[in-house]
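Residues per chain, in single letters:
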Amino acid sequence: MINIPGLLISAPASGTGKTTVMLGLLRAFTERGLKVQPFKSGPDYIDPAFHKVSAGRNSFNLDTWAMSARQISTILNESEGADICVCEGSMGLYDGVATCGQVGFGSSAEMANYMGWPVILVLDVAGQAQSSAATALGFRAYDHELPLAGVILNRVASARHERLVRLGMERAGIQVFGCLPRRGDLALPERHLGLIQAVEHTNLESAIVQYAAFLREHVNLDEIIATARSKALTFDYDAIPPPAQRIALANDAAFTFTYPYLVKAWRAMGAEILPFSPLANEPPHVDADFVWLPGGYPELHAGTLGSAKIFLAGIRQHADSKPVHGECGGYMVLGNALIDKNGVRHQMSGLLGLVTSYEKRKLHLGYRRAILSLPMLGFLSGTALRGHEFHYSTILEQPDAKLAYVTDADGHAVAETGSYRGHVTGTFFHLIAKE
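Residues numbered from 1 in each chain as written. Predicted model: local features only at pLDDT ≥ 70, side-chain atom pairs only at ≥ 80, totals over all residues. Heavy atoms only, no water.

**Q** Looking at this structure, I do not really get the overall build of the protein. What am I missing?
**A** Counting secondary structure elements, the protein contains 12 helices and 24 strands. In terms of overall dimensions, the protein is globule-like: its C-alpha atoms have a radius of gyration of 22 Å, near the 22 Å expected for 435 residues. For the protein, the spread of C-alpha atoms along the three principal axes comes to 70 × 45 × 40 Å. Across the 435 residues that make up the protein, the buried fraction comes to 57%. Counted over contacts in the protein with a minimum sequence separation of 6, partners at least 24 positions apart contribute 74%. Accessible area of the protein: about 17,100 Å², with a carbon and sulfur share of 51%. Computed over 37 positive and 41 negative side-chain charges, the separation of the two mean positions in the protein equals 2 Å. (Helix = DSSP H or I, 4+ residues; strand = E, 2+ residues; numbered from the N terminus. Rg over C-alpha atoms; globule rule 2.2 N^0.38 Å. Buried < 20%, exposed > 50% of the residue type's maximum accessible area, 1.4 Å probe, protein only. Contact = heavy atoms within 4.5 Å. Areas by Shrake-Rupley, 256 points an atom, 1.4 Å probe, with all protein chains shown as cover. Lys, Arg positive; Asp, Glu negative; His and termini not counted. Charge placed at Lys NZ, Arg CZ, Asp CG, Glu CD.)

Written out as structure tokens, the structure is:
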């Protein structure tokens, strides 16, 4: 059985300061001597890296749309030995897909209900006072089964503003765990996919120390810890098997979007992970059985990657006889060319005919279900996979055979089908689970 007390930190919408609160809580709890297991609800692959720095433990994604109950329990088992689990929600609390008319499917609220984790709502109260209580009431009333524990008020302008907001919350019967004064210097830097990556933050440790101090000063940590609860779930192992024994994994600032639970499961099943850096012009290991290029920001490093002759020669040589797979940014690098934001065309590996443009930007976002047209990553043709797509690059040319029939969460076909040529495959969706 798995039954570690936990909490879910959420908000009415993105941009409310939820991640700052999450990082501050993780570090503040850790500094108290608690062993804290962080999680991320949903498919976001950027936030978990920040969680790891704050808590000193790997953070893992949990996803009620993409994952089976068995896979969720497998990942939850990572909390063994922890004193408390803290999960960060994604988007707004009730935001999910509407598959088959089921509103909120895959939402943070669904995860909280499934786990029995009380929800602490981070409310941005800038520009309102008692009206914020109506917002909190609406979130509590929308789903009466949701264990809404209370709120943390963010961007409070003054002592008078705090008093007015608290009066509203008291009238509504909403517990206030703390009030955070407005401070613009605590915001995390962002770019087109959201936050910059943790590895790019020049002073992340110092920032997290400040977040923790800010939370300790203005939030009742004892009350929050006492609120933590969880349902007892049965442990049942399920994980995606490794595609090969020795896996060369691209890992640097251009290739960082790898789900931690996936790589950990591969290691646990006996696979050897061989990291290499394309940005440092390193080729994949010559004795690797399989090369994996994960997603990231190749569009920001196109010139460096295009001139990395040793890397490109190495991956081409590997593809002559052994499999190579790329996801999202990795897929783009496996293609023929990548056009950057300034319209400059950079030659990539040419292992696929794909040409993408970051100059012609369009948001591609959402869950994906793919039925494979041929074997890939050890999966048989016809296998159904679940994943998530999030990028701004546009496909200009895709001359190769389609890898899969791909739909969104509602079953509507999408154009980003992935492609293959010889031993090389690529997808724009990030693999999460096998159905």
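Here the narrative resumes.
**Q** Explanation requested: the packing of helix α1 (residues 18–31) against helix α2 (residues 47–55) in the structure shown.
**A** Packing of α1 against α2 leaves a shortest axis separation of 8 Å and a crossing angle of 25 degrees. Considered as vectors, α1 and α2 are oriented roughly parallel to each other. In terms of crossing hand, the pair formed by α1 and α2 is right-handed. Seen from α1, the contacting residues are Thr19, Met22, Leu23, Leu26, Arg27 and Thr30; seen from α2, they are Asp47, Phe50, His51, Val53, Ser54 and Ala55. Taken together, the residues of the contact of α1 with α2 sort by class into six nonpolar, four polar and two charged. (Axes fitted to C-alpha atoms, helices over the stretch in contact; angles between N-to-C directions. Parallel < 35°, antiparallel > 145°, perpendicular 65-115°, else oblique. Left-handed = near helix turned anticlockwise from the far one by under 90°. Nonpolar A, V, L, I, M, F, W, Y, C, P; charged D, E, K, R; others polar.)

**Q** Would you mind going over the sheet that holds strand β14 (residues 337–339) with me for this structure?
**A** Note: strands within a sheet are paired through backbone hydrogen bonds, in either parallel or antiparallel orientation. Taking strand neighbours across the sheet as the criterion, the four strands line up as β15-β14-β16-β19 in an open arrangement whose pairing is mixed. Here the strands that pair on one side only, and so sit at the sheet edges, are β15 (345–347) and β19 (394–397). Each adjacent strand pair in this sheet contributes to an overall mean axis angle of 25 degrees, direction not counted. (Pairing = 2+ DSSP bridges.)

Everything listed is a geometric property; what it means functionally is a separate question.
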